[in-house]
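The primary structure of each chain is shown beneath.
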Amino acid sequence: MTEVVAALVWDGEKLMICQRPEHKARGLLWEFAGGKVEPGETKEQALIRECREELAVTLTVGEVFMEVTHKYPDLTIHLTLFHASIAQGVPQKLEHRDIRWITAEEIRQYAFCPADEAVLTRISEMNRRGRGPGF
């Protein structure tokens, strides 16, 4: 199983989502910023490194929002999604095809990676209950 981390990054009422490059597996689908945990790293360290490499930002990593295990045809991932905020920098498209800041209401307008489905459902449910950013 591959350990993967991602960031639920809010800026006010907006949530950051990233579009995968066309040439990668699950190309052009949307996801939350992050990536694979390397040997010897904590999940938090991996998330900070991945966002520095792919977005040129430094994150402050908060609590775990949720964890999901998903089986793709080519791999099984264990995804840990953290609350996070940008401590330094402005997101750059160093790896992703696009970066958008959207509201929780808009989240279902985007085609996300299948592993994110449970995350999207939880965000939508919490939004319907009136729980705002950061939940």
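Refer to the structure presented above.
So, here's what we can say about the structure. Note that the structure is a prediction, hence the values are computed from the model and not measured.

### A closer look at the overall build of the protein
- Tallying secondary structure elements over the protein gives two helices and seven strands in all.
- Starting at the N terminus and walking to the C terminus, you meet the elements of the protein as β-β-β-β-α-β-β-β-α.
- Residues classed as buried in the protein amount to 44% of the 135 residues present.
- Accessible area of the protein: about 7,000 Å², with a carbon and sulfur share of 47%.
- Placing the 17 positive and 21 negative side-chain charges of the protein at their respective mean positions leaves the two points 3 Å apart.

### Topic: the packing of aromatic side chains
- Taken as a whole and judged by the stated rule, the model has two aromatic pairs.
- On the numbers, 5.1 Å between centres and 75 degrees between planes, the contact of W30 with Y110 is edge-to-face. Taken as a pair, W30 in strand β3 (residues 30-31) and Y110 in the loop between β7 (98-102) and α2 (117-128) lie far apart in primary sequence, 80 residues in all.
- For W30, a relative accessible area of 5% corresponds to the buried category.
- For Y110, a relative accessible area of 16% gives the class buried.
- Judged by centre distance (5.3 Å) and plane angle (35 degrees), the ring pair of F32 and F112 falls under tilted. Taken as a pair, F32 in the loop between β3 and β4 (34-36) and F112 in the loop between β7 and α2 lie far apart in primary sequence, 80 residues in all. Comparing F32 with F112, the two get one shared label, buried.
- The ring of Y72 carries the charged tip of R26 above its face, separated from the ring centre by 3.8 Å.

### Concerning the side chain of T80
- Checked against the element boundaries, T80 lands in strand β6 (residues 76-88).
- When near neighbours in sequence (up to four residues on either side) are disregarded, T80 contacts E3, V4, V5, A6, K43, V64, M66 and E67.

### Quick look at helix α1 (residues 43-55)
- Its 13 residues give α1 an end-to-end C-alpha distance of 17 Å, which sits within 8% of 18 Å, the value for a rise of 1.5 Å per residue.
- Where α1 is concerned, the buried positions are A46, L47, R49, E50, C51, E54 and L55.
- Tucked inside the fold, the buried residues of α1 contact β1 (2-11), β2 (14-19), β4, β5 (58-71), β6 and β7.
- Phi turns positive one or two residues past the end of α1, at A56, with a value near 60 degrees.

### Observations concerning the layout of surface pockets
- Space inside the largest pocket adds up to approximately 520 Å³.
- Along its surface, the largest pocket is lined by 26 residues, and V4, R20, E31, G35 and K36 are the ones closest to its centre.
- Contributions of two or more residues to the lining of the largest pocket are made by β1, β4, α1 and β6.
- Tallied by class, the residues present in the lining of the largest pocket amount to twelve nonpolar, four polar and ten charged.

### Some details on the pattern of salt bridges
- Evaluated as defined, the whole model comprises eleven salt bridges.
- With a shortest N-O distance of 3.3 Å, R26 and D74 are connected by a salt bridge. Here the residue R26 occupies a position in the loop between β2 and β3, and D74 occupies one in the loop between β5 and β6, the gap between them amounting to 48 residues.
- Looking at R26, the relative accessible area reads 23%, which means it is partly exposed.

Procedures and definitions
Residue positions are counted from 1 within each chain, in the order its sequence is given. This being a predicted model, a pLDDT of at least 70 is required before a residue's local features are given, and a value of 80 or more before pairs of side-chain atoms are given or counted; all residues contribute to the totals for chains, interfaces and linings. Side-chain metrics in this entry use all non-hydrogen atoms of the structure; hydrogen atoms and water are not considered. Numbering of helices and strands starts at the N terminus; helices are DSSP runs of H or I of at least 4 residues and strands are runs of E of at least 2. Here's how the labels work: a residue is buried when its accessible area is under 20% of the maximum for its type, exposed when over 50%, partly exposed in between, all with a 1.4 Å probe on protein chains only. The accessible surface values rely on the Shrake-Rupley method and a 1.4 Å probe; as for residues, cover is taken only from the protein chains in view. Charge counting treats Lys and Arg as positive and Asp and Glu as negative, with His and both chain ends excluded. To locate a charge, the coordinates of NZ of Lys, CZ of Arg, CG of Asp or CD of Glu are taken. Any two of the Phe, Tyr and Trp rings considered here, Trp counted by its six-membered ring, make a pair once their centres fall within 6.5 Å; the pair's planes then place it as stacked at under 30 degrees, edge-to-face at over 60, or tilted in between. Placement of a positive charge over a ring is assigned whenever Lys NZ or Arg CZ falls within 6 Å of the ring centre and within 35 degrees of the normal to the ring plane. Contact criterion: two residues are considered in contact whenever any of their non-hydrogen atoms come within 4.5 Å of each other. A helix is expected to span 1.5 Å for every residue after the first. Using only the protein atoms, space was sampled on a 1 Å grid; points where a 1.4 Å probe fits but cannot get out form cavities, open sets with protein on both sides within 12 Å along at least five of seven lines form pockets, and lining residues are those with an atom within 4 Å of a point. Grid points are joined across faces, edges and corners, and a volume is the space filled by probe spheres set on the points. Each residue is assigned to one class: nonpolar for Ala, Val, Leu, Ile, Met, Phe, Trp, Tyr, Cys and Pro, charged for Asp, Glu, Lys and Arg, and polar for all the others, Gly among them. Any Lys or Arg side-chain nitrogen located within 4 Å of an Asp or Glu carboxyl oxygen qualifies as a salt bridge.

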